[in-house]
Amino acid sequence: MTVNLEVAEGVGTLRLDRPPMNALDVATQDRLKELAEEATRREDVRAVVVYGGEKVFAAGADIKEMQVMDHAAMIVRARALQDSFTAVARIPKPVVAAVTGYALGGGCELALCADFRIAGENARFGQPEILLGLIPGAGGTQRLSRLVGPSKAKDLIFTGRQVKADEALTLGLVDRVVPAAEVYEQAHAWAARLAKGPAIALRAAKEAIDTGLETDIETGLAVERNWFAGLFATEDRERGMRSFVEEGPGKAKFV
């Protein structure tokens, strides 16, 4: 399989496995969607790591496969391409991308679907589609501009240039840069910590933030208000408040 889902300590790792560069062909896109939806459903998966391995995250789409596709074929495929990445973005649990080596084109767009990005010092990011006479088609024009702002996104997309990990950190494209050998360990630790948290509250926080970014503030506030009130019906809220009163902050154990 070109993508695998491995679960340990409440953390599901979506592992790309298509050597040598994890090119995202149609089969890999479809498998990614299938496993992202499985991670969404599974109760034993409480947080997710997206990982490409020690050497490369994903170097982009399979250009040889795309080269033979005509306009009619891509009209059909473009939606499925976006849907596979959106399935990752909509996992209602904390998602962290663990990036080593190249994250270009579709690889960069896949990293953008995560809530948090940890990059190795050897990581390189970019949206080089313009060099092929194309634009990003798996969410790059939308998610990148929302993350780093329109001007910085246009610079990367218009030029197709690659940025190293330190510049990616300055741009806000990644959240943490660590030695390449520590990327997966740190990403898994981030996910494992959140896997012990209140699952419904984490889902609520993610949905409120993501919905708010896509709509006006009044609608966003309504989503926040409804989730905030709704969480008072959960056992985790009872446990959290009781623990705070009896033991002090940060000691609650959630179910």
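Predicted model only: the values in this text are computed from it and were never measured. (Residues numbered from 1 in each chain as written. Predicted model: local features only at pLDDT ≥ 70, side-chain atom pairs only at ≥ 80, totals over all residues. Heavy atoms only, no water.)

Draft legend 1. Seen up close, helix H5 (residues 140-148). For H5, the full list of buried residues reads Gly140, Leu144, Ser145 and Val148. Axial view of H5: buried residues confined to an arc of 105°, hence all on one face. As for H5, its buried residues are in contact with helix H4 (106-112), helix H6 (150-159) and helix H7 (165-171). Downstream of H5 by one or two residues, Gly149 has phi in the positive range, about 100°. (Buried < 20%, exposed > 50% of the residue type's maximum accessible area, 1.4 Å probe, protein only. Helix = DSSP H or I, 4+ residues; strand = E, 2+ residues; numbered from the N terminus. Arc of directions from axis to C-beta. Contact = heavy atoms within 4.5 Å.)

Draft legend 2. Geometry of the packing of aromatic side chains. One pass over the full model with this rule turns up 3 aromatic pairs. When the ring of Tyr51 is compared with that of Tyr184, the centres are 4.7 Å apart and the planes differ by 35°; the resulting orientation is tilted. Residue Tyr51 is located in strand E3 (residues 47-51), and its partner Tyr184 is located in helix H8 (residues 183-195); the two are separated by 133 residues in the primary sequence. Assessed through its relative accessible area of 10%, Tyr51 is described here as buried. You can call Tyr184 partly exposed: its relative accessible area is 26%. Between Phe228 and Phe232, the aromatic rings sit 5.6 Å apart at their centres with planes inclined by 70°, giving edge-to-face as the arrangement. Residue class for Phe228 comes out exposed when judged on its relative accessible area of 57%. (Phe/Tyr/Trp six-rings, centres within 6.5 Å; stacked < 30°, edge-to-face > 60°.)

Draft legend 3. Representation of the side chain of Arg31 in the model. Tracing the chain through its elements places Arg31 in helix H1 (residues 26-41). If near-sequence neighbours (up to four positions away) are discounted, Arg31 is found in contact with Met1, Thr2 and Val3.

Draft legend 4. Up close: the sheet that holds strand E5 (residues 102-104). Reading across the sheet, the 3 strands line up as E5-E7-E8 and stay open at both edges, with mixed pairing between neighbours. At either end of the open sheet lies a strand with only one pairing partner, and these are E5 and strand E8 (162-164). Pairwise comparison of adjacent strand axes, ignoring direction, gives a mean angle of 20° for this sheet. Bridge analysis of strand E7 (residues 124-126) against E8 gives 3 bridges, and the strand direction is antiparallel. (Pairing = 2+ DSSP bridges. Axes fitted to C-alpha atoms, helices over the stretch in contact; angles between N-to-C directions.)

Draft legend 5. Molecular detail of the packing of helix H9 (residues 199-213) against helix H10 (residues 217-230). Contact geometry of H9 with H10 gives a least axis separation of 8 Å together with a crossing angle of 170°. When the axes of H9 and H10 are compared, the pair comes out roughly antiparallel. On H10, the residues touching Ile200, Ala204, Glu207, Ala208, Thr211 and Gly212 of H9 are Gly220, Val223, Glu224 and Trp227. The residue inventory of the contact of H9 with H10, partitioned by class, reads 5 nonpolar, 3 polar and 2 charged. (Parallel < 35°, antiparallel > 145°, perpendicular 65-115°, else oblique. Nonpolar A, V, L, I, M, F, W, Y, C, P; charged D, E, K, R; others polar.)

Draft legend 6. How the structure looks around the sheet that holds strand E1 (residues 3-8). Strand order in the open sheet formed by 6 strands is E1-E2-E3-E4-E6-E9, and the pairing between neighbours is mixed. At either end of the open sheet lies a strand with only one pairing partner, and these are E1 and strand E9 (176-178). Neighbour-to-neighbour, the strand axes of this sheet turn through a mean angle of 20°, independent of strand direction. In this sheet, strand E4 (residues 95-99) lies alongside E3 in parallel orientation, the contact comprising 4 bridges.

Draft legend 7. Representation of the side chain of Ser145. With respect to the helices and strands, the residue Ser145 is situated in helix H5. Separated by 3.0 Å, the side chain of Ser145 and the backbone oxygen of Gln142 make a polar contact. When near neighbours in sequence (up to four residues on either side) are disregarded, Ser145 contacts Gly140, Pro150 and Ala153. (Polar contact = N/O pair within 3.5 Å; in protein donor to acceptor, adjacent residues only side chain to side chain.)

Draft legend 8. Quick peek at the pairing of E1. Of the strand pairs in this sheet, E1 and strand E2 (residues 11-16) are connected by 6 bridges, and their pairing is antiparallel. Note on E2: the bridge partner recorded for Val7 is Gly12. In textbook terms, the turn of a hairpin is the stretch between consecutive antiparallel strands, and for E1 and E2 this stretch comprises 2 residues, one of which, Glu9, has a positive phi near 55°.

Draft legend 9. Looking closely at the nonpolar core. Residues Phe57 and Phe125 are the most contacted members of the largest nonpolar core, which totals 45 residues. Top contributing element to this core by residue count: helix H3 (residues 71-89), with 5 residues. One finds Ala47, Val96, Ile118 and Trp190 within the second-largest nonpolar core, a separate group that totals 15 residues. (Core = buried A, V, L, I, M, F, W, Y, C linked by side-chain atoms within 4.5 Å.)

Without other data, these values stay purely geometric and don't point to any function.
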